[in-house]
Amino acid sequence: MRLSYLPYNLELKHEFRISYHSRRSTPAVLIRLEQGGLYGYGEASLPPYLTENQESVLKFLKKVYLQDIFTLDDLRTALKAVDSIEEGNSPAKAAIDIALHDLLGKLLKKSCSEIYGINPISLPFTSFTIGLDTDSVIREKLKEAEPYKILKIKLGTDRDKEIIKLIRGETDKPLYVDANQAWNNFEYALEIISWLAENNIVLIEQPMLKNNLDGSMELKENSPLPIIADESFQRFNDLDKIMNAFHGVNIKLMKCTGISEAYLIIKRARELGLRIMMGCMTETSCAISAAIQLAPLIDYADLDGNLLIGNDPFLCRTEREGQLIMPAGYGIGVNLIGNLEFREL
């Protein structure tokens, strides 16, 4: 099996702001695996709040040796070996996981959802993210989001109520709210969540600091809305640690190392009675299509990363009027646009 790579910069349509930073682009590394004349594609998305970057991804990839795969067991064996190379490097591991799943699906002439025995008929609606911005830009974004039935609103400023009032003046759509750890005072967090509960809010993501599990537990016990772990939750082994502090978890392939572990997280989270959200970074249709393979198993979707960029190098329709679509074709169902020059390691 041959592995090649391509550093790539994802250009955002709008400046993306959350409570603690903003950006106009997101670095990424695309990878391609080749076996038997077939290609599998993967992606590592690298927003600046992660510890990994393009250089660290390439350094990790140089340590990877992959034998040919023919079955799901072969794939799992390969991923176990990749995960054992060193700690961290979740985006790089996710890129390999996604590419292996894409390749295996093409070898078996099945979609990834078929490989896992997932019925693709019922898929949720994805939210469309509105980042922090001026009132005029927020109104512009709301117009762009007209086709989407659910909006995700970034909060975490001293204008949070004003932002929601502005949005409620424009639309009555259900909202997901993401505070990105900005409400670490219990009294304030409970007060604003109680106010939000009166404004057709569906859930709250990560109101308190990621390591403040005692505060999150107290908030969970008193909150009128479901509290979903994002920054507090990374990989499978975190589930038992955070299960009592949140009503649910936000699974992101870039955090949990890809489809294989995400599937295990979903199974275990169900056993623990947790609600399940699948989210994303700024990503291309490659990583979004990979996440959609598991979307029939989840409660909430925030898989709009490819909709926020203007230079997606892959061709794949992932939603229709906000409802996720299972990509057609084998593997994850994406096709590369043009002749991008992948480089051999």
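Reading the values: the criteria
- Residues numbered from 1 in each chain as written.
- Predicted model: local features only at pLDDT ≥ 70, side-chain atom pairs only at ≥ 80, totals over all residues.
- Heavy atoms only, no water.
- Helix = DSSP H or I, 4+ residues; strand = E, 2+ residues; numbered from the N terminus.
- Rg over C-alpha atoms; globule rule 2.2 N^0.38 Å.
- Contact = heavy atoms within 4.5 Å.
- Areas by Shrake-Rupley, 256 points an atom, 1.4 Å probe, with all protein chains shown as cover.
- Pairing = 2+ DSSP bridges.
- Core = buried A, V, L, I, M, F, W, Y, C linked by side-chain atoms within 4.5 Å.
- Buried < 20%, exposed > 50% of the residue type's maximum accessible area, 1.4 Å probe, protein only.
- Right-handed = clockwise from strand over helix to strand, strands pointing away.
- Polar contact = N/O pair within 3.5 Å; in protein donor to acceptor, adjacent residues only side chain to side chain.
- Axes fitted to C-alpha atoms, helices over the stretch in contact; angles between N-to-C directions.
- Parallel < 35°, antiparallel > 145°, perpendicular 65-115°, else oblique.
- Left-handed = near helix turned anticlockwise from the far one by under 90°.
- Nonpolar A, V, L, I, M, F, W, Y, C, P; charged D, E, K, R; others polar.

K.L.:
Teacher, can you tell me more about the overall build of the protein here?
P.N.:
Of regular secondary structure, the protein possesses twelve helices and 16 strands. In terms of C-alpha radius of gyration, the protein reaches 19 Å, essentially the compact-globule figure of 20 Å for 345 residues. Counting only C-alpha atoms, the protein reaches 60 × 40 × 40 Å along its principal axes. Taking contacts inside the protein between residues at least 6 apart in sequence as the whole, the part at least 24 apart equals 69%. When the accessible surface of the protein is summed, it comes to about 14300 Å², and 47% of that surface belongs to carbon and sulfur atoms.

K.L.:
Would you mind going over the sheet that holds strand β4 (residues 127-130) with me for this structure?
P.N.:
Overall, parallel pairing links the eight strands, which are arranged β4-β5-β6-β7-β8-β9-β10-β11 in an open sheet. What marks the edges here is a single partner per strand, and that holds for β4 and β11 (300-301). In terms of strand pairing, β4 meets strand β5 (residues 150-154) through four bridges, oriented parallel. Residue F128 lies in a different strand from β5, and its bridge partner there is L151.

K.L.:
What is the right way to look at the nonpolar core in this model?
P.N.:
Generally speaking, nonpolar side chains in soluble globular proteins are found buried as a group. I96, W183, L196 and I251 are the most contacted members of the largest nonpolar core, which totals 115 residues. Considering each element in turn, this core owes the most residues, nine residues, to helix α3 (residues 90-108). Setting aside chain neighbours within four positions, we find W183 in contact with L155, G156, D160, V177, Y188, A189, I192, I193, L196, I204, P207 and M208. In terms of nonpolar packing, the next biggest core, distinct from the first, is built from six residues, I150, I228, M277 and Y300 among them.

K.L.:
Honestly, the pairing of strand β7 (residues 201-205) in this entry has me stumped. Any pointers?
P.N.:
Looking along a regular strand, one sees the side chains alternate between the two faces of the sheet. Counting buried residues along β7, four of its five residues qualify, which places the element largely inside the surrounding structure. Pairing geometry for strand β6 (residues 175-178) and β7, over four bridges, is parallel. Residue pairing across strands places V177 opposite I204, the latter belonging to β7. A crossover links β6 with its parallel partner β7, the connecting element being helix α7 (residues 186-196), and its sense is right-handed. Sheet analysis places β7 next to strand β8 (residues 227-229), joined by two bridges and oriented parallel. Opposite E205, over in β8, you have I228 as the bridge partner.

K.L.:
Looking at this model, I keep getting lost on the environment of L239. Mind explaining?
P.N.:
Looking at the secondary structure, you find L239 in helix α9 (residues 239-242). Using a relative accessible area of 1% as the deciding quantity, one classes L239 as buried. Beyond its immediate stretch of four places on either side in the chain, L239 contacts F233, V249, I265, R268, A269, L272 and L274.

K.L.:
Is there a simple way to think about the side chain of T284 in this case?
P.N.:
Residue position: T284 is located in the loop between β10 (275-278) and α12 (285-292). There is a polar contact of 2.6 Å between the side chain of T284 and the side chain of E43. Excluding residues that lie within four positions of it along the chain, T284 makes contacts with L10, L30, E43, N306, I309, D312, P313 and F314.

K.L.:
Where do I start with unusual backbone geometry in this structure?
P.N.:
Excluding glycine, residues mostly have negative phi values, and the peptide bonds linking residues are mostly trans. Even without a glycine there, the phi angle at N180 is positive, about 50 degrees. Within the secondary structure, N180 is located in the loop between β6 and α7. Overall, N180 belongs to the buried group, its relative accessible area being 4%. Although it is not a glycine, E321 adopts a positive phi angle of roughly 50 degrees. Its location among the elements puts E321 in the loop between β13 (319-320) and β14 (323-324). In this structure E321 comes out as exposed when scored by relative accessible area, which is 56%.

K.L.:
Explain the packing of helix α5 (residues 135-144) against helix α6 (residues 160-168) to me, please; I cannot follow it from the model alone.
P.N.:
Helix packing for two helices is described by the angle between their axes and how far apart those axes are. Two elements in contact, α5 and α6, have axes whose closest approach is 11 Å; the angle formed by their N-to-C orientations is 40 degrees. One element, α5, and the other, α6, form an angle in the oblique class. The hand of the α5/α6 crossing is right-handed. Contacts between α5 and α6 involve D135, I138, R139 and L142 from the former and I163, L166 and I167 from the latter.

K.L.:
Any chance you could explain the packing of α7 against helix α8 (residues 213-222) here in plain terms?
P.N.:
Remark: α7 packs on α8, axes separated minimally by 10 Å, with the N-to-C direction vectors making an angle of 30 degrees. When the axis of α7 is compared with that of α8, the two are roughly parallel. The hand of the α7/α8 crossing is right-handed. Along its contact with α7, which presents F186, A189, L190 and I193, the element α8 presents G215, E218, L219 and N222. Classifying every residue of the contact of α7 with α8 gives five nonpolar, two polar and one charged.

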